[in-house]
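One-letter residues, chain by chain:
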Amino acid sequence: MFDRSQALTTMIRIARRAGAGLMDDFGARERLDVREKSPSDYVSSADLRSETLLRQELSRAYPDSGLLFEEGTASAASGARPRFIVDPLDGTTNFLHGIAHFAVSIALELEGSVIAGVVFDVAKNELFHAEVGHGAYLGEQRLSVSKPGALAESLIATGVPHHGGSHHAPYLQALGAVMQEVAGIRRWGSAALDLCYVAAGRYDAFFELGLAAWDVAAGNLIVREAGGRVTRTDGSEAALDARDVFASCGEPLHGRVSELLAPLHGVAAGAHR
Ligand code: IPD
Ligand code: CA
């Protein structure tokens, strides 16, 4: 019988081990090999080492599990076997620039639903986790999203498309509409952590296009378990194979910001899973 809580404990232990390796590499960045996978999308030997460690440890703990990793590891889950969806280093650009804001993200999917998630902010030693139906936590502290208040007082996070990215024009239109109504906009460079910051009530909402399952699988669950709402930018149901995500503390802010994001509705096609 598959023990969910035991799995979460294992995921936390393995995320911490991967984090220790990343901190070693963060301190010796000049020695890393770096390659551009596609314009402005980098992978380094730190990402790959972290992926190898996570793959080995998760496979050792759950030999029959399916795997989906950002840097290429993939095997299908079948029947009642779980699948781990993993970003071995979310925030690679920050990492390579010496900015201490990056994470390891591990989600556990069972029969098509994410049932547990861990996001470990390695440099700040903040470990976010959630199990479906059991709440979201930062360490031992139970998380809840902010109380939806006036839009003019809200702090909204986003991810900005870059050179080589797509949908720049509608993105700028949407950002322009949102920034005129809110107290502040943040772009900190790790989607997994952006979602956890919504869960912790630090941000009131977060939106981005161009994401993949490994960026959001754990963070989406952590937001929901903290009482927040996660959809696509047009307010429709979120899906791991959708490329856009919109997470918030809830209504009425969710609906109002979704209206402001109208230039993005329909532009983000489905993507890799
Ligand atoms: C990236 C980060 C970033 C987001 C990008 C992602 P990576 O993930 O989450 O915040 O804006 O869209 O690709 O490549 O550092 O794992
Ligand atoms: Ca990554």
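Residues numbered from 1 in each chain as written. Chains lettered and ligands numbered in written order. Predicted model: local features only at pLDDT ≥ 70, side-chain atom pairs only at ≥ 80, totals over all residues. Heavy atoms only, no water.

1. What to know about the overall build of the protein chain
Moving on, step 1. When its secondary structure is counted, the protein chain shows seven helices and 15 strands.
Moving on, step 2. For the protein chain, whose C-alpha radius of gyration is 18 Å, the value lies close to the compact-globule estimate of 19 Å for 273 residues.
Moving on, step 3. In terms of its C-alpha atoms, the protein chain occupies a principal-axis envelope of roughly 50 × 45 × 30 Å.
Moving on, step 4. Counting the 273 residues in the protein chain, one finds 53% classified as buried.
Moving on, step 5. In the protein chain, 64% of the contacts between residues at least 6 apart in sequence involve partners at least 24 apart.
Moving on, step 6. Surface exposure of the protein chain reaches about 11,600 Å², of which carbon and sulfur atoms provide 49%.
Moving on, step 7. Distance between charge centroids for the protein chain: 3 Å, based on 25 positive and 34 negative side chains. (Helix = DSSP H or I, 4+ residues; strand = E, 2+ residues; numbered from the N terminus. Rg over C-alpha atoms; globule rule 2.2 N^0.38 Å. Buried < 20%, exposed > 50% of the residue type's maximum accessible area, 1.4 Å probe, protein only. Contact = heavy atoms within 4.5 Å. Areas by Shrake-Rupley, 256 points an atom, 1.4 Å probe, with all protein chains shown as cover. Lys, Arg positive; Asp, Glu negative; His and termini not counted. Charge placed at Lys NZ, Arg CZ, Asp CG, Glu CD.)

2. Some details on the coordination of the calcium ion (ligand 2)
Moving on, step 1. Protein coordination of the calcium ion (ligand 2) is provided by Glu 70 (OE), Asp 87 (OD), Asp 87 (OD) and Leu 89 (O), with donor distances spanning 1.9 to 3.1 Å.
Moving on, step 2. Donor residues for the calcium ion (ligand 2) sit on one chain with the sequence pattern E-x16-D-x1-L. Neither residue differs from the other here; Asp 87 and Leu 89 are each classed as buried. (Donors = N, O, S within 2.8 Å, 3.2 Å for Na, K, Ca; no water.)

3. Focus: the pairing of strand β1 (residues 34–38)
Moving on, step 1. Alignment of β1 against strand β2 (residues 41–44), held across four bridges, turns out to be antiparallel. Looking at the pairing, Val 34 lines up with Ser 44 of β2.
Moving on, step 2. What sits between β1 and β2 in their antiparallel hairpin is a turn of two residues, with Ser 40 showing a positive phi close to 65°. (Pairing = 2+ DSSP bridges.)

4. Description of the sheet that holds strand β3 (residues 66–69)
Moving on, step 1. Taking strand neighbours across the sheet as the criterion, the eight strands line up as β4-β3-β5-β6-β7-β8-β9-β10 in an open arrangement whose pairing is mixed. At either end of the open sheet lies a strand with only one pairing partner, and these are β4 (74–75) and β10 (141–142).
Moving on, step 2. The pairing of strand β8 (residues 126–131) with strand β9 (residues 136–138) spans three bridges and is classified as antiparallel. Residue pairing for β9: His 129 is matched across the bridge by Tyr 137.
Moving on, step 3. The strands touched by helix α5 (residues 191–199) are β5 (83–90), β6 (103–110), β7 (113–121) and β8; relative to β7, the strand with the most contacts, the crossing angle is about 100°. (Axes fitted to C-alpha atoms, helices over the stretch in contact; angles between N-to-C directions.)

5. Concerning helix α6 (residues 213–225)
Moving on, step 1. Its 13 residues give α6 an end-to-end C-alpha distance of 18 Å, which sits within 8% of 18 Å, the value for a rise of 1.5 Å per residue.
Moving on, step 2. Among the residues of α6, those classed as buried are Ala 213, Trp 214, Asp 215, Val 216, Ala 217, Ala 218, Gly 219, Asn 220, Leu 221, Ile 222, Val 223 and Glu 225.
Moving on, step 3. Following α6 by one or two positions, Gly 227 has its phi on the positive side, about 95°. (Expected span 1.5 Å × (residues − 1).)

6. Some thoughts on the packing of aromatic side chains
Moving on, step 1. Counted by the stated rule, this structure contains eight aromatic pairs.
Moving on, step 2. Where Phe 95 meets Phe 102, the ring centres are 4.9 Å apart and the plane angle is 80°; that geometry is what we call edge-to-face.
Moving on, step 3. Ring centres 5.4 Å apart and planes at 45° place the aromatic pair Tyr 197 and Tyr 203 in the tilted group. For the pair Tyr 197 and Tyr 203, a shared accessibility class is recorded, and that class is buried.
Moving on, step 4. Just above the ring of Trp 188 sits the side chain of Lys 124; from NZ or CZ to the centre is 4.9 Å.
Moving on, step 5. Over the aromatic face of Tyr 197 sits the side chain of Arg 202, whose NZ or CZ is 4.6 Å from the ring centroid. (Phe/Tyr/Trp six-rings, centres within 6.5 Å; stacked < 30°, edge-to-face > 60°. Lys NZ or Arg CZ within 6 Å of the ring centre and 35° of its normal.)

7. Let's talk about the side chain of Asp 25
Moving on, step 1. The residue Asp 25 is located in helix α1 (residues 4–26) in this model.
Moving on, step 2. Residue classification places Asp 25 among the buried positions, given a relative accessible area of 11%.

8. Digging into the pairing of β8
Moving on, step 1. With six of six residues buried, β8 lies mostly within the body of the structure.
Moving on, step 2. Burial along β8 is two-sided: the residues Glu 126, Phe 128 and Ala 130 and Leu 127, His 129 and Glu 131 are all buried.
Moving on, step 3. Both β7 and β8 contribute to a ladder of six bridges, which runs antiparallel. Across the sheet, the residue bridging to Val 118 is His 129, located in β8.
Moving on, step 4. Following β7, the chain reverses through four residues before pairing antiparallel with β8; Asn 125 in that reversal takes a positive phi of roughly 55°.
Moving on, step 5. Joining the antiparallel neighbours β8 and β9 is a turn of four residues, in which Gly 133 adopts a positive phi near 80°.

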